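Architecture and fold: a report
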Amino acid sequence: MERAIKSARQLGSIGVVAGLLGAICFGFIPVFSKPALALGLSPMCILAYRFTLAAIALGILLKFRRVKLGLPMREVPEMVLLAFYYCVSGGCLMMGYEYMSGGVAGVIHFSYPVFVVLIMLLFFHERIRLSSAVAIVAAIAGIYCLGALGGDAAFLPGANRIEGVLIVVLSGIGYASYLVGVGKGRARNYDSLYLTFWILVFTAAFFIAVAALKGELVMVTDTATLLNFTGLALVATVVANVLVVYAVKIVGSTLESILSAMEPATSVVMCIILFDEQFTLPIAAGIVLIFVAVGIVVLCGRR
């Protein structure tokens, strides 16, 4: 029994670390995306490159490991549904960068832990532990403080504020649905790399089709932009998704959504460093509160 408890603790710790690292990798999305947006490339075009390169890279890795990539027809509907949730999340978040700063978009996107809790309560009748509730409150408070980054200056000139906020909130709903789908569906039984590969394939196909239909799919030859796309595909897509999927399988959708608080914190810090966005006392307080929320999850995971 003691050996089983020790093994469970170690597995839980690995899940927490994977969730944290995955969230940090996701936090680099605006770092690699905003330069391409500044060049006039559309969100759909950027997403087409992002997920196509990510699917190719992961497919090569799986082939190198001699993993069979065939997908049974009975599993296609669930994969397509997960990819749809992911498309809503990634597409709406990228569109949000056209309305507001990268840091604030990440802040609003982080509404998804609330939606994860609501979905788990309404559809799976999951009891929320007191520690999880406290961690969620601390994380949301931290995100609220991070939101002080922008104020009126957070929204780009000429952008419709309400429309932008609703679009980014929708990205949070999409990501919450994705996390719950991975944690509760048959997909949780698949290898994390295999599952991520097929979600990326369907997601890439969707954004290629949308970009082509809108006439926004263009050939990119600029070296700096291609390097940004490579970083976006490998760091903020392949590595991030594999780690998050792995973490969801171990610690569950609710705790992973709390660990993902590191995503907007990373986005804000990187935008401050690279894009000269302001660093204020509320931002510092927000980062501290996020670390408190993560600390609660880590302590609960150890128990």
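For the structure itself, consult the block above.
Criteria and cut-off values
Residues numbered from 1 in each chain as written. Predicted model: local features only at pLDDT ≥ 70, side-chain atom pairs only at ≥ 80, totals over all residues. Heavy atoms only, no water. Phe/Tyr/Trp six-rings, centres within 6.5 Å; stacked < 30°, edge-to-face > 60°. Helix = DSSP H or I, 4+ residues; strand = E, 2+ residues; numbered from the N terminus. Buried < 20%, exposed > 50% of the residue type's maximum accessible area, 1.4 Å probe, protein only. Lys NZ or Arg CZ within 6 Å of the ring centre and 35° of its normal. Core = buried A, V, L, I, M, F, W, Y, C linked by side-chain atoms within 4.5 Å. Contact = heavy atoms within 4.5 Å. Axes fitted to C-alpha atoms, helices over the stretch in contact; angles between N-to-C directions. Parallel < 35°, antiparallel > 145°, perpendicular 65-115°, else oblique. Left-handed = near helix turned anticlockwise from the far one by under 90°. Nonpolar A, V, L, I, M, F, W, Y, C, P; charged D, E, K, R; others polar. Salt bridge = Lys/Arg side-chain N within 4 Å of Asp/Glu carboxyl O.

1. What about the packing of aromatic side chains?
- By the definition in use, this model includes twelve aromatic pairs.
- On the basis of an interplanar angle of 10° and a centroid distance of 5.6 Å, the ring pair of Phe51 and Phe207 is categorised as stacked. Of this pair, Phe51 sits in helix H3 (residues 43-64) while Phe207 is found in helix H9 (residues 192-213), placing the two residues 156 residues apart along the sequence. Assigned by exposure class, Phe51 and Phe207 land together as buried.
- Taken together through their ring pairs, the aromatic side chains of Phe26, Phe51, Tyr86, Tyr175, Tyr178, Phe206 and Phe207 make up a single cluster.
- Across the ring face of Phe124, the terminal group of Lys184 is positioned such that the distance to the ring centre comes to 5.7 Å.

2. Comments concerning the nonpolar core
- Residues Ile46, Tyr175, Tyr178, Leu179 and Leu195 are the most contacted members of the largest nonpolar core, which totals 88 residues.
- Leaving out residues up to four positions away in the same chain, Tyr178 has contacts with Leu82, Tyr85, Tyr86, Ile199, Asn241 and Val245.

3. Quick look at the packing of helix H8 (residues 161-184) against helix H10 (residues 223-251)
- Packing of H8 against H10 leaves a shortest axis separation of 9 Å and a crossing angle of 55°. When the axes of H8 and H10 are compared, the pair comes out oblique. Seen along the crossing, H8 lies across H10 with a hand that is right-handed. Along its contact with H8, which presents Tyr175, Tyr178, Leu179, Val182 and Gly183, the element H10 presents Asn241, Val244, Val245 and Val248.
- When grouped by side-chain class, the residues that make up the contact of H8 with H10 number seven nonpolar, two polar and no charged.

4. Description of the environment of Phe229
- Looking at where Phe229 falls in the secondary structure, it is placed in helix H10.
- Those residues within four positions of Phe229 in sequence are excluded, and the remaining contacts are Ala36, Leu41, Ile46, Tyr49, Leu53 and Val220.

5. Thoughts on the pattern of salt bridges
- Inspection of the entire model under this criterion finds four salt bridges.
- Two residues, Arg186 and Glu75, come together in a salt bridge whose shortest N-O distance is 3.4 Å. With Arg186 in the loop between H8 and H9 and Glu75 in the loop between H3 and helix H4 (76-96), the pair connects residues that are 111 residues apart, well separated along the chain.
- For Glu216, the salt bridge identified is with Lys214, shortest N-O distance 3.7 Å.

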